[in-house]
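# Architecture at a glance
Below, each chain spelled out in residue letters.
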Amino acid sequence: MRRGWRGALVALFLLPLLWGLVTLARGASSYGAPECPGLQQGEDGESHPGPMRRGHTCAVSYSTENGRSTGTRTYDQQKYAQERDRSGLYWRGAGYVAYGTAGLLALTATRLSRRTPR
């Protein structure tokens, strides 16, 4: 195999491996209080910036036509949604890491088997 192809094959497995590590790091860094992606309102109906607290609601979908929230989540619902997102990041990251690692190991094994005399 020519050198150019080897580099392309290594990149084919190295890039997903690196992306998997980044994805796992994103999942690990998403702990803590739930973050509201939209407008957060307290029990008094006023806007409250910062991390969510119990009793707050989060507007996750907003209508620009009438200026009202079309979808809201409570603190517990937002926390659950973020836990599911984190779990998805872990699974995707693990899949990328497994793919990249398996590919690099296969390339290494192939390369070593070609070097050893029979």
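Residues numbered from 1 in each chain as written. Predicted model: local features only at pLDDT ≥ 70, side-chain atom pairs only at ≥ 80, totals over all residues. Heavy atoms only, no water.

### Brief notes about the state of the cysteines
Here is the rule: Counting rule for disulfides: a pair of cysteine sulfur atoms within 2.5 Å. By definition, any uninterrupted DSSP run of H or I lasting at least four residues is a helix, any uninterrupted run of E lasting at least two residues is a strand, and each is numbered from the N terminus. Relative accessibility under 20% of the residue-type maximum defines a buried residue, over 50% an exposed one, and the middle range a partly exposed one, all with a 1.4 Å probe and only protein chains included.
A full pass over the atoms with the stated rule returns one disulfide. A sulfur-sulfur separation of 2.0 Å characterises the disulfide bridge that pairs Cys-36 with Cys-58. Judged by the torsion about the S-S bond (90°), the Cys-36/Cys-58 disulfide is right-handed. Residue Cys-36 is found in the loop between helix H1 (3-28) and strand E1 (39-41), and its partner Cys-58 is found in strand E2 (residues 57-62); the two are separated by 22 residues along the sequence. The pair Cys-36 / Cys-58 is uniform in exposure class, with both members buried.

### Looking at the packing of aromatic side chains
This is how the line gets drawn: When the centres of two rings from Phe, Tyr and Trp lie within 6.5 Å, Trp using its six-membered ring, the rings pair. Their planes under 30 degrees apart give stacked, over 60 give edge-to-face, and anything left gives tilted.
Following the criterion strictly, the structure yields one aromatic pair and no others. Ring geometry for Phe-13 against Tyr-99: centres 5.3 Å apart, planes inclined by 45°, an arrangement best described as tilted. Residue Phe-13 is located in helix H1, and its partner Tyr-99 is located in helix H2 (residues 75-115); the two are separated by 86 residues in the primary sequence.

### Let's talk about the side chain of Thr-23
Rules: A contact between two residues is defined here by any heavy atoms of the two lying within 4.5 Å.
With respect to the helices and strands, Thr-23 occurs in helix H1. We classify Thr-23 as buried; its relative accessible area is 2%. Residues within four places of Thr-23 in sequence aside, it is in contact with Leu-89, Arg-92, Gly-93 and Tyr-96.

By themselves, these figures tell us nothing about what the structure is for.
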